[in-house]
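As a plain string of letters, each chain reads:
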Amino acid sequence: MAEPIRHGGDLREAARRYGIELGDWLDLSTGINPRAYPVPPVPVDAWRRLPEDADGLAELAALHYGAPGALPVAGSQAAIRALPGLLPIGVVGVAPLTYGEYAPAFERAGHRVEPLDISAETLSAGIDHVIVGNPNNPTTERIGRDVLLRWHSQLTARGGTLIVDEAFADAYDDPTANRSLAAESGRDGLVVLRSVGKFYGLAGIRAGFVLSARPLRDALHNELGAWTVSGPARHAIQAAFKDYAWQAETRTVLKRESARLAELVGQQGFDAHTTPLFVWFETQHAAALHHALASKGIWTRLFEHGPTPSLRIGLTGTAEEWTRFAAAFETLT
């Protein structure tokens, strides 16, 4: 049996392992916004009626992302699991250190996975499909639109597909740095995945969107079946997408908090790599630092594989949480 894929947020396991009560933990192990969108009260009908595709959510999402069309799904994870089975079997490029569900999903569907150099301008001739995070999780690397579109042209010439996971893209506030391919997602052989969980802090509703040409969206819809996103989740998403003031203010806050965290990490001698939602750095002492923080009830995300062990640290949500983390981090490093 394959070893279970580890993710951040596994706080109950941390509590069991370290003997610290669940409520005493500070969970910084995910890249989820700790200041979640304040969802308005859910209408009673959202609980008692089946979700309806004709409620305008798909159209609102397409408008929100600037895409030709959108398919609501139960988190981008649902699409990552299902998409490999809809693509011709081939060789799939996946970065060596990236979201851990990509490679197993393609392997289960019969594809062969090979390491992908995400700094490359062009793809090797043997790769048929590529799935890449932009920005990449956890290494924070961002790939330019021109490079991605070049990859797409190469892959479609081979009958392949480029899948770009933009789960963290909503958090960026600089229009000149916007590298999203959402507007291009009507092209054959291009799929863009977007997540509601990260920027909006609503990971618990399990909702996301697939942006692609209509035939692939229809095939994926048929594969996943009806009612993939619940009524309460659909209510929450529509409210969040329409709240432009909250979005703008939140991007400002995340940028400030991420910069503060990166400064602290840098002051302790580490090379901090950032997104607006987390900081990542490499160190041979990553496991020891992870354990030391956990012993103080602070949970981070350890990556033990790769050229150098590394640590990902998410943002704190309150002044008290920041004080607690900063004191522990400075003491331990």
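This text goes with the structure placed above it.
Nothing here was measured: the structure is a model prediction, and the numbers come from that model.

### Digging into the sheet that holds strand E12 (residues 301–303)
Here is step 1 of the chain: Reading across from one edge, E9-E10-E13-E12 is the order of the four strands in this open sheet, with antiparallel pairing throughout. Edge positions in the sheet fall to strand E9 (273–275) and E12, since each of these pairs with one other strand and no more. Strand-to-strand twist across the sheet, computed as the mean angle between neighbouring axes with direction ignored, equals 20°.

### A look at empty space enclosed by the protein
Here is step 1 of the chain: Applying the stated criterion to the full structure yields one cavity of 30 Å³ or more.
Here is step 2 of the chain: What lines the largest cavity is Leu28, Glu257, Arg260, Leu261, Ile313, Gly314, Leu315, Thr316, Trp322 and Phe325.
Here is step 3 of the chain: Listed by contribution, the elements that provide at least two residues to the lining of the largest cavity are helix H9 (244–267), strand E13 (310–314) and helix H11 (319–332).
Here is step 4 of the chain: The leading source of residues in the lining of the largest cavity is H9, at three residues.
Here is step 5 of the chain: For the lining of the largest cavity, the residue count by class is six nonpolar, two polar and two charged.

### Some thoughts on the pattern of salt bridges
Here is step 1 of the chain: Within the structure shown, the criterion is met by 16 salt bridges.
Here is step 2 of the chain: Linking Glu13 and Arg16 is a salt bridge whose minimum nitrogen-to-oxygen distance equals 2.5 Å. Of this pair, Glu13 and Arg16 both sit in helix H1 (residues 11–18), three residues apart, which is roughly one turn of the helix.
Here is step 3 of the chain: Judged by its relative accessible area of 58%, Arg16 falls in the exposed class.
Here is step 4 of the chain: Here Asp170 and Arg194 are joined by a salt bridge, their closest N and O atoms 3.2 Å apart. Of this pair, Asp170 sits in the loop between strand E6 (162–165) and strand E7 (190–195) while Arg194 sits in strand E7, and the two are 24 residues apart along the sequence.
Here is step 5 of the chain: Overall, the relative accessible area of 6% leaves Arg194 in the buried class.
Here is step 6 of the chain: Each of Arg35, Arg256, Glu257 and Arg260 takes part in one network of salt bridges that share partners.

### Quick notes on the sheet that holds strand E4 (residues 112–115)
Here is step 1 of the chain: Pairing is mixed across the open sheet formed by seven strands, whose spatial order is E2-E8-E7-E6-E5-E3-E4. With one partner strand each, in any of the chains shown, strand E2 (71–73) and E4 form the two edges of the open sheet. With strand direction ignored, the average angle separating the axes of adjacent strands in the sheet is 20°.
Here is step 2 of the chain: Bridge count for E7 against strand E8 (residues 208–212) is five bridges, and the pairing is antiparallel. In the strand pairing of E8, Val191 is matched with Ser212.

### Observations concerning unusual backbone geometry
A negative phi holds for most residues other than glycine; trans holds for most peptide bonds.
Here is step 1 of the chain: The peptide bond linking Asn134 to Pro135 adopts the cis configuration, its omega dihedral lying at 5°.
Here is step 2 of the chain: Here Pro135 lies in the loop between strand E5 (129–133) and helix H6 (145–157).
Here is step 3 of the chain: Look at Thr140: it is not a glycine, yet its phi comes out positive at around 75°.
Here is step 4 of the chain: Relative to the helices and strands, Thr140 resides in the loop between E5 and H6.
Here is step 5 of the chain: Although it is not a glycine, Trp227 adopts a positive phi angle of roughly 60°.
Here is step 6 of the chain: Of note, Trp227 is situated in the loop between helix H7 (214–224) and helix H8 (231–242).
Here is step 7 of the chain: For Trp227, a relative accessible area of 55% translates into the label exposed.

### Observations concerning helix H10 (residues 286–295)
Here is step 1 of the chain: Turning to H10, its buried residues number three or more, namely Ala286, Leu289, His290, Leu293 and Ala294. Taken end-on, H10 shows its buried residues confined to a sector of 135°, consistent with a single buried face.
Here is step 2 of the chain: Next to the buried residues of H10 lie H1, strand E10 (278–282), strand E11 (298–299), E12, E13 and H11.
Here is step 3 of the chain: Remark: Gly297 follows H10 within two positions and exhibits a positive phi of approximately 80°.

### Quick notes on the packing of aromatic side chains
Here is step 1 of the chain: In the structure shown here, the tally under the stated rule is 18 aromatic pairs.
Here is step 2 of the chain: With a centroid separation of 6.2 Å and an interplanar angle of 65°, the aromatic rings of Tyr18 and Trp299 are classed as edge-to-face. You can see Tyr18 sitting in helix H1 and its partner Trp299 sitting in strand E11, a full 281 residues away along the chain. Neither Tyr18 nor Trp299 differs from the other in exposure class; each is buried.
Here is step 3 of the chain: Each ring, one from Phe199 and one from Tyr200, has its centre 4.9 Å from the other, and the planes form 75°; the classification is edge-to-face. A single burial state applies to Phe199 and to Tyr200, both of which are buried.
Here is step 4 of the chain: Through pairs of rings, three or more aromatic residues link up here, namely Tyr37, Tyr65, Phe199, Tyr200, Phe209, Phe241 and Trp246.
Here is step 5 of the chain: Over the face of the ring belonging to Trp322 we find Arg260, whose NZ or CZ atom lies 4.0 Å from the ring centre.
Here is step 6 of the chain: Above the face of the Phe303 ring, Arg301 is positioned so that its terminal group lies 4.4 Å from the ring centre.

Criteria and thresholds
Residues numbered from 1 in each chain as written. Predicted model: local features only at pLDDT ≥ 70, side-chain atom pairs only at ≥ 80, totals over all residues. Heavy atoms only, no water. Pairing = 2+ DSSP bridges. Helix = DSSP H or I, 4+ residues; strand = E, 2+ residues; numbered from the N terminus. Axes fitted to C-alpha atoms, helices over the stretch in contact; angles between N-to-C directions. 1 Å grid on protein atoms, 1.4 Å probe; cavity = no way out; pocket = protein on both sides within 12 Å on 5 of 7 lines; lining within 4 Å. Points joined across faces, edges and corners; volume = space filled by probe spheres on them. Nonpolar A, V, L, I, M, F, W, Y, C, P; charged D, E, K, R; others polar. Salt bridge = Lys/Arg side-chain N within 4 Å of Asp/Glu carboxyl O. Buried < 20%, exposed > 50% of the residue type's maximum accessible area, 1.4 Å probe, protein only. Arc of directions from axis to C-beta. Contact = heavy atoms within 4.5 Å. Phe/Tyr/Trp six-rings, centres within 6.5 Å; stacked < 30°, edge-to-face > 60°. Lys NZ or Arg CZ within 6 Å of the ring centre and 35° of its normal.

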